[in-house]
Amino acid sequence: MGPGARLAALLALLALGAGGPAAATAREDTFSALTSVARALAPERQLLGTLRRYLRGEEARLRDLTRFYDKVLSLHEDATIPVVNPLLAFTLIKRLQSDWRNVVHSLEATENIRALKDGYEKVEQDLPVFEDLEGAARALMRLQDVYMLNVKGLAHGVFQRVTGSSITDLYSPRQLFSLTADDCFQVGKVAYDMGDYYHAIPWLEEAVSLFRRSYGEWKTEDEASLDDALDYLAFACFQAGNVSCALSLSREFLHYNPDNKRMARNVLKYERLLSENAHQRASETVIQRPNVPHLQTRDTYEGLCQTLGSQPTHYQNPSLYCSYETNSSPYLLLQPARKEVIHLRPFVALYHDFVSDAEAQKIRELAEPWLQRSVVASGEKQLPVEYRISKSAWLKDTADPMLVTLDHRIAALTGLDIQPPYAEYLQVVNYGIGGHYEPHFDHATSPSSPLYRMKSGNRVATFMIYLSTVEAGGATAFIYANFSVPVVKNAALFWWNLHRSGEGDGDTLHAGCPVLVGDKWVANKWIHEYGQEFRRPCSTSPED
């Protein structure tokens, strides 16, 4: 198992567009959708079969070597081997001239390892690439930040929020799964390579701690060692301004590797710096979390995510209510929708059991072969970004009759025209490891937005269906309105993006919180302004 395989296992627990299916394209972005992570289990099963065959071959080879060893050893048990016996003398010469050469140069070991390498090369094109390991490591850092997770606890499989002396269990797995020293090193190294010492230091500290416990042991799959972890951590501490820590770690490195000249020079450098600035020895360096320039509402966003879903209840606000909704539509007369008004300004409603389990599964199955990395509008272009980690697919209603039925149901419930070009095709989204979508508007905020290419105006409303459940995280947070809605399987969330005047409603700024544990799927139906003139009449009042 490679350095990222156990990491991927923990992370998996936390677990129709143009052209061909995404499965036929390059294998990058595995980390950005849980369904892609799950597909990575198949090649690992093949690798396990290859390794099993290799082990059996090696076990048979080692048994034969043990037989040869025991045979020769038995001849040496007598201190004086009777070489006067011509048979023994002949076999001694034969062993030394032929048998030992055959043992040492046996092709069996070469053939076994060649078969193992061939088996790996057969599935190599289906394996995650290094960018996936980087993305998975950044996902752990994101979860660490947003949910205030303790790194040491996380490395031991415990999902706890630690604030001062208060400890809150966010999720209790049925079976604890711990990371190894090498796993923690890989996460820390990703942060280190980005110059992010705020995240690098705690992960490298945990790696050092775990490597110390197993010092002297050798694991085939590990890429790093205690020396590596001490080396990276020492320089990270120095870069963060903690010279005293860097010196201590460098001295420990030299204890294990005294001939390393580079580290010896570092020790001299750190000692000189401390002697010249004595106050640095006693001062405690506080490392600031890296700033996120595009996210000005980070504290509010993360606070709402930490509640894991905190929508107000009826007794707190009497204006909120639940009802059976028909919207005066014959389509809903016999089976009205179960409506829960979550918020009034902006108006947000949750429709429980809007789809059945079978319908949700069918939508996921239709979308999965076509999933590609989600993008966001950037000027006139659409690009994949770090602040949106998911894969998505667009489904036309011609893909399956069930989608036609779904469109009829949405139209009946909202009273809006959702036929193209007045609404977009159904977008199905599968979130990745720590998958999220930071605060954003669904409606266009720039006249150059690609949304206007449909020639049907801006997005007037959003209808979002939860197609799965999650075990923790993944709530939908409305930042300025200051509430969040947890993932409710088969329910649909509806809100207006625009005022009746056509102006964007700033209070609809919302986010998809990182998925802590689970496989989150949603389906979005975005409805545009044009075609709704008599269904949602305009108003000059900015409050409507």
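Calculation rules
Every chain's residues receive numbers from 1 upward, in the order its sequence appears when written. The model is predicted, so local features are restricted to residues of pLDDT at least 70 and side-chain atom pairs to those at 80 or more, both for listing and for counting; the totals for chains, interfaces and linings are taken over all residues. Side-chain metrics in this entry use all non-hydrogen atoms of the structure; hydrogen atoms and water are not considered. Centre distance within 6.5 Å is the pairing criterion for rings of Phe, Tyr and Trp, where only the six-membered ring of Trp is used; planes under 30 degrees apart are then read as stacked, over 60 as edge-to-face, and the remainder as tilted. Secondary structure elements follow DSSP: runs of H or I no shorter than four residues count as helices, runs of E no shorter than two count as strands, and numbering proceeds from the N terminus. Between buried and exposed lies partly exposed: a residue is buried under 20% and exposed over 50% of the maximum accessible area for its type, with that area taken using a 1.4 Å probe on protein chains only. Ring-over charges, as used throughout, are those where CZ of Arg or NZ of Lys falls within 6 Å of the ring centre and within 35 degrees of the ring normal. Put simply, a nonpolar core is a bunch of buried Ala, Val, Leu, Ile, Met, Phe, Trp, Tyr and Cys residues held in one set by side-chain atoms that sit within 4.5 Å of each other. Any two residues whose heavy atoms approach within 4.5 Å are treated as being in contact. Salt bridges, as used here, are contacts in which a Lys or Arg side-chain nitrogen is within 4 Å of a carboxyl oxygen on Asp or Glu. Two strands pair if DSSP finds at least two bridges between them. Interaxial angle, 0 to 180 degrees, is taken between N-to-C directions of lines fitted to C-alpha atoms, where a helix line uses only the stretch in contact. Orientation is classified from the angle alone, with under 35 degrees giving roughly parallel, over 145 giving roughly antiparallel, 65 to 115 giving roughly perpendicular, and any other angle giving oblique. Each crossing gets its hand from how the near helix is turned against the far one by less than a right angle, where anticlockwise is left-handed and clockwise is right-handed. Put simply, the grid is 1 Å and covers the protein atoms alone, a cavity is a trapped set of points that fit a 1.4 Å probe, a pocket is an open set with protein on both sides within 12 Å along at least five of seven lines, and lining residues have an atom within 4 Å of a point. Grid points are joined across faces, edges and corners, and a volume is the space filled by probe spheres set on the points. Any pair of nitrogen or oxygen atoms within 3.5 Å is treated as a polar contact; in protein, a donor-acceptor pairing is required on top of that, and neighbouring residues in sequence qualify only through side-chain atoms on both sides. An expected span of 1.5 Å times one less than the residue number is assigned to each helix. Picture the helix axis, draw a direction to every C-beta atom, and the arc is the one those directions span. The score called pLDDT rates the predictor's confidence residue by residue, from a low of 0 to a high of 100. A patch consists of residues exposed above 30% relative accessible area that lack any salt bridge, with like charges linked at up to 9 Å and nonpolar side chains (Val, Leu, Ile, Met, Phe, Trp, Tyr) linked at up to 5 Å. In these tables, accessible area is a Shrake-Rupley quantity obtained with a 1.4 Å probe, and a residue counts as shielded only by the protein chains included in the view. When charges are counted, Lys and Arg are positive and Asp and Glu negative, with His and the chain ends excluded. To locate a charge, take atom NZ for lysine, CZ for arginine, CG for aspartate or CD for glutamate.

## Focus: the packing of aromatic side chains
In step 1: With the rule as written, the count across this model stands at 16 aromatic pairs.
In step 2: Considering the side-chain rings of Phe235 and Phe238, the 5.9 Å spacing of their centres and the 40° angle between planes classify their relative orientation as tilted. Of this pair, Phe235 and Phe238 both sit in helix α10 (residues 226-239), separated by three residues, roughly a single helical turn.
In step 3: Assessed through its relative accessible area of 18%, Phe238 is described here as buried.
In step 4: These aromatic residues form a ring-pair network of at least three members: Phe185, Tyr192, Tyr197, Tyr232, Phe235, Phe238 and Tyr270.
In step 5: Geometry around Tyr431 places Lys520 over its ring, the cationic atom sitting 4.4 Å from the centre.
In step 6: The ring of Trp496 has Arg536 lying over it, and the distance from NZ or CZ to the ring centre is 4.0 Å.

## Brief notes about the nonpolar core
In step 1: Ranked by size, the top nonpolar core spans 63 residues in total, and within it Tyr147, Trp203, Phe211 and Leu516 carry the most contacts.
In step 2: Among the elements that take part in this core, helix α9 (residues 197-213) stands out by supplying nine residues, more than any other.
In step 3: Apart from the residues within four sequence positions on either side, Phe211 is in contact with Ala181, Asp182, Phe185, Asp222, Ala224, Ser225, Leu226 and Ala229.
In step 4: Ranked by size, the runner-up nonpolar core spans 36 residues in total, among them Ala337, Val355, Ile410 and Leu467.

## Section: the pattern of salt bridges
In step 1: Across all of its chains, the model carries 24 salt bridges by this definition.
In step 2: The residue Glu276 makes a salt bridge to Arg272 at a minimum N-O spacing of 4.0 Å. Residue Glu276 and its partner Arg272 are both found in helix α12 (residues 261-276); the two are separated by four residues, about one turn of the helix.
In step 3: Glu276 gets classed as exposed once you look at its relative accessible area, which sits at 53%.
In step 4: A relative accessible area of 44% means that Arg272 is categorised as partly exposed.
In step 5: One salt-bridge network, in which partners are shared between bridges, spans Arg114, Asp118 and Glu121.

## Focus: the sheet that holds strand β16 (residues 492-496)
Across a sheet, strands are paired by hydrogen bonds formed along the backbone, either parallel or antiparallel in direction.
In step 1: Read across the sheet, nine strands follow the order β3-β4-β5-β16-β12-β19-β10-β9-β6 without closing on themselves; strand pairing throughout is antiparallel. The open sheet is flanked by β3 (322-325) and β6 (372-373), the only strands paired with a single partner.
In step 2: Sheet topology note: the β6/strand β9 (residues 390-395) ladder contains two bridges and is antiparallel. Bridging from a neighbouring strand, Gln372 pairs with Ser392 of β9.
In step 3: Sitting on the sheet, helix α16 (residues 401-414) is in contact with β3, β4 (337-343), β5 (348-352), β9, β10 (426-431), β12 (459-466), β16 and β19 (521-528), with an inclination near 125° to β12.

## A look at the sheet that holds strand β15 (residues 483-485)
In step 1: The sheet built from four strands is open, its strands ordered β11-β17-β14-β15 with antiparallel pairing. Among the strands making up the open sheet, the edge pair consists of β11 (437-440) and β15. The sheet shows a mean angle of 15° between the axes of neighbouring strands, direction not considered.
In step 2: Both strand β14 (residues 476-478) and strand β17 (residues 510-512) contribute to a ladder of three bridges, which runs antiparallel. Opposite Thr476, over in β17, you have Gly512 as the bridge partner.

## Some thoughts on the packing of α9 against α10
In step 1: Where α9 contacts α10, the axes come no closer than 9 Å and their chain directions differ by 150°. In this view, α9 runs roughly antiparallel relative to α10, as classed from their interaxial angle. For the pair α9 and α10, the sense of crossing is left-handed. Contact residues: α9 offers Tyr197, Ile201, Leu204, Glu205, Ala207, Val208, Phe211 and Arg212, while α10 offers Leu226, Ala229, Leu230, Tyr232, Leu233, Ala236, Cys237 and Gln239.

## What to know about empty space enclosed by the protein
In step 1: Approximately 40 Å³ is the volume found for the largest cavity.
In step 2: Lining the largest cavity are Phe130, Glu134, Gln186, Lys189, Val190 and Asp193.
In step 3: A per-element tally of the lining of the largest cavity places helix α8 (residues 181-193) first, with four residues.

## A look at the environment of Ala481
In step 1: Mapped onto the elements of the fold, Ala481 is located in the loop between β14 and β15.
In step 2: Considering only alpha carbons, one finds Ala481 and His510, 29 residues apart in sequence, at a separation of 8.9 Å.
In step 3: Excluding residues that lie within four positions of it along the chain, Ala481 makes contacts with His343, Pro346 and Asp507.

## A word on the pairing of β5
In step 1: Counting buried residues in β5 gives four out of five residues, a clear majority hidden from the surface.
In step 2: Relative to β16, β5 runs antiparallel, the two sharing four bridges. Paired with Tyr351 across the strands is Ala492, a residue of β16.

## Some points on the side chain of Asn458
In step 1: Within the secondary structure, Asn458 sits in the loop between β11 and β12.
In step 2: Taking the relative accessible area as the measure of exposure, Asn458 reaches 5% and is therefore buried.
In step 3: A polar atom in the side chain of Asn458 sits 3.2 Å from the side chain of Tyr452.

## With respect to α12
In step 1: For α12, spanning 16 residues, the distance from its first C-alpha to its last is 23 Å, which sits close to the expected 22 Å at 1.5 Å a residue.
In step 2: Within the span of α12, buried status applies to Met263, Asn266, Val267, Tyr270 and Leu274. Relative to the axis of α12, the buried residues are bounded by an arc of 105° and lie together on one face. Structural note: α12 exposes Lys261, Arg265, Leu268, Ser275 and Glu276 on the side pointing more than 90 degrees away from its buried face.
In step 3: N-cap assignment for α12: the residue whose side-chain oxygen lies 3.2 Å from the backbone N of Arg262 is Asn260.

## Topic: the confidence of the model for the chain
In step 1: Per-residue pLDDT for the chain has a mean of 89; in total, 90% of the residues score no lower than 70.
In step 2: Considering only residues more than four positions removed or in separate chains, one finds that residues 3-20, a stretch of pLDDT under 50, has 54 contacts.
In step 3: For the stretch residues 22-26, pLDDT sits under 50, and the model shows five contacts to residues farther than four places along the chain or on other chains.

## Structural notes on a positive patch on the surface
In step 1: There is a patch of like positive charges on the surface, built from Arg52, Arg53, Arg56 and Lys122.
In step 2: Broken down by element, the residue count for the positive patch peaks at three residues, all from helix α3 (residues 41-75).
In step 3: Within the secondary structure, Arg56 is located in helix α3.

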